[in-house]
Amino acid sequence: MLKSKFLGCLIGSAVGDALGSSFEGSWVLEENRIEENFSGRWTDDTHMMIGVAESLIMNHGFDGNHMAQTFIKNYEQEPWRGYAYGPPQVFRWIRSGVDWSQAAKRLFGGAGSYGNGAAMRVAPVGVLYYDDLEQLRSVAYGQSQITHAHELGKEGAALQAYAVALAVKADMSSQLEPYAFLKELKDFTINDVYRRKLETAERLLGEKDRLRVIKELGNGIEAHNSVPTAIYSFLHCPQSFEKSLFYAVSLGGDADTIGAMTGAISGAYVGIESVPERWKARLERRGYIEELAEKLWLIKRRLQ
Ligand code: R7I
Ligand code: MG
Ligand code: MG
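Residues numbered from 1 in each chain as written. Chains lettered and ligands numbered in written order. Predicted model: local features only at pLDDT ≥ 70, side-chain atom pairs only at ≥ 80, totals over all residues. Heavy atoms only, no water.

**Considerations on the overall build of the protein**
Condition: Labels follow the DSSP assignment, with helices taken as runs of H or I lasting at least four residues and strands as runs of E lasting at least two, numbered in each case from the N terminus. The classification of residues rests on relative accessible area computed with a 1.4 Å probe and restricted to protein chains. Under 20% of the type maximum is buried, over 50% is exposed, and intermediate values are partly exposed. Method for areas: the Shrake-Rupley scheme with a 1.4 Å probe, in which residue coverage is limited to the protein chains shown. Just so you know, the count uses Lys and Arg for positive and Asp and Glu for negative, and it drops His and the chain ends. Note on charges: their place is set at NZ of Lys, CZ of Arg, CG of Asp or CD of Glu.
A tally of helices and strands in the protein yields 16 helices and 0 strands. Its C-alpha atoms give the protein principal-axis dimensions of about 50 × 40 × 40 Å. By the burial criterion, 64% of the 304 residues in the protein qualify as buried. When the accessible area of the protein is evaluated, it comes to approximately 11,700 Å², of which 49% is carbon and sulfur surface. Computed over 34 positive and 38 negative side-chain charges, the separation of the two mean positions in the protein equals 2 Å.

**What to know about the coordination of the magnesium ion (ligand 2)**
Under the convention used in this document: The donor set comprises N, O and S atoms within 2.8 Å of the metal, extended to 3.2 Å for Na, K and Ca; water molecules are omitted, so apparent gaps in a site may simply reflect that omission.
Surrounding the magnesium ion (ligand 2) are the protein donor atoms Thr 43 (OG1), Asp 44 (OD), Asp 45 (OD) and Asp 256 (OD), at 2.1 to 2.3 Å. Counting along the primary sequence, the residues that act as donors to the magnesium ion (ligand 2) give the motif T-D-D-x210-D. In this structure, the magnesium ion (ligand 2) lies 3.7 Å away from the magnesium ion (ligand 3), the two metals sharing Asp 256 as a donor. A relative accessible area of 12% means that Thr 43 is categorised as buried.

**Re the environment of Arg 92**
Positionally, Arg 92 belongs in helix α4 (residues 86-95). Sequence-wise, Arg 92 and Ala 103 are 11 residues apart; in three dimensions their C-alpha atoms are separated by 9.2 Å.

**Brief notes about the coordination of the magnesium ion (ligand 3)**
Defined as follows: Irregular is the label for any site that misses the other tests, which are tetrahedral for four donors with all angles between 85 and 135 degrees, and square planar for four donors or octahedral for six when opposite donors exceed 155 degrees and the remaining angles lie between 65 and 115.
Distances from the magnesium ion (ligand 3) to its protein donors, Glu 24 (OE), Asp 254 (OD), Asp 256 (OD) and Thr 257 (OG1), fall at 2.0 to 2.2 Å. One way to put it: the 6 donor atoms around the magnesium ion (ligand 3) meet at angles of 79 to 177°, and that makes the site octahedral. Counting gaps between the donor residues of the magnesium ion (ligand 3) yields the pattern E-x229-D-x1-D-T. With relative accessibility at 44%, the residue Glu 24 sits in the partly exposed group.

**Regarding the packing of aromatic side chains**
The condition is simple: Any two rings among Phe, Tyr and Trp, with Trp reduced to its six-membered ring, count as a pair given centres within 6.5 Å; such a pair is stacked if its planes are under 30 degrees apart, edge-to-face if over 60, and tilted if neither. Whether a charge sits over a ring depends on NZ of Lys or CZ of Arg being within 6 Å of the ring centre and within 35 degrees of the ring normal.
What the rule picks out here adds up to 13 aromatic pairs. Between Tyr 75 and Phe 91, the aromatic rings sit 5.5 Å apart at their centres with planes inclined by 55°, giving tilted as the arrangement. Taken together, the residues Tyr 75 in helix α3 (residues 64-77) and Phe 91 in helix α4 connect sequence positions 16 residues apart. For Tyr 75, a relative accessible area of 16% corresponds to the buried category. For the ring pair Phe 234 and Tyr 269, a centre distance of 5.8 Å and an interplane angle of 75° mean the geometry is edge-to-face. Linking Phe 234 in helix α12 (residues 227-236) with Tyr 269 in helix α14 (residues 255-270), this pair joins segments that are 35 residues apart in sequence. Assigned by exposure class, Phe 234 and Tyr 269 land together as buried. A network of ring pairs unites the aromatic residues Phe 38, Phe 241, Phe 246 and Trp 279 as a single cluster. Over the ring of Trp 93 we find Arg 106, and its NZ or CZ is 5.5 Å from the ring centre. In this structure, Arg 137 is placed above the aromatic ring of Phe 188, and the distance from its NZ or CZ to the ring centre is 4.0 Å.

Printed below as a string of structure tokens:
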């Protein structure tokens with residue numbers, strides 16, 4: 001079952017990215033339109049998630065310099081994946097000699113980025129450290145530090161990793177309790193912005209009006225306006241990968257990223273068998289992503 005959850009998480013994340021990729025930047029949309037353009041092709045979210053997994057596997061854990069170099073190598077091979085401004089800029093600085101742990105601090109006038117780029121790729125950290133909170137937080141922050149030095153960017157990644165961890169730990173056969181899930185996340189976060197957003201998510205559970213959800217939780221490129229939204233989308237229908245994903249993408253905005261993060265949490269909960277075959281079958285580099293998930297699972301088994 002654990003193996004199925006590792007596979008479900010990484011494949012779920014890539015499927016969510018691919019499903020949302022045609023709608024990045026769009027207005028709220030009808031759920032029945034979402035599948036029309038599904039090509040299975042994914043964007044930077046999955047490309048960087050693959051980098052995180054590759055580096056964790058190679059080092060049996062986190063090595064900041066190695067992960068930075070892996071991101072750079074992957075980016076240089078396929079720079080057309082839809083990367084935002086921040087990461088490629090950081091990659092150029094690291095290439096020109098700046099230390100991997102210092103480069104991201106230069107972005108946005110020295111504030112560092114609070115974009116959702118560190119959270120969108122964090123799924124492998126969530127599965128590998130699902131039963132070790134201290135390590136999970138420290139590796140989630142460490143992998144963020146490469147490109148996202150702003151506290152909100154880092155905390156968004158830690159929160160997303162923890163949501164994945166909770167989903168791995170939760171037993172699918174006993175109904176997941178959304179209030180209890182949100183309470184665990186609230187207790188985990190050390191940041192007030194996220195705590196307030198999670199309280200808002202709790203208040204909005206069962207809300208029918210999508211515009212209200214977008215207005216209060218956000219659907220933007222900022223980590224604090226998308227990580228809580230992905231968690232909320234998972235909780236929209238925890239027992240169904242398909243329904244959670246349709247909901248996530250229907251909110252529009254940063255649809256590929258909210259799709260990827262929802263897919264990672266949902267896939268970690270329901271397992272690979274419950275990710276619809278018609279989506280898996282068309283997913284770009286499915287076999288390779290499955291191989292990475294299986295290697296993470298093998299490392300986990302050896303560590304235990
Ligand atoms: O976070 P990042 O990798 O972007 C991820 C997004 C996802 O939607 C992907 O699918 C892809 O499309 O890109 O890239 P960053 O450039 O670090 O952050 C994203 C954007 O957030 C920035 O380009 C800024 O517009 C905004 N932003 C900030 N603006 C002002 N001040 C992030 N941090 C700041 C800031 O500190
Ligand atoms: Mg993208
Ligand atoms: Mg995006």
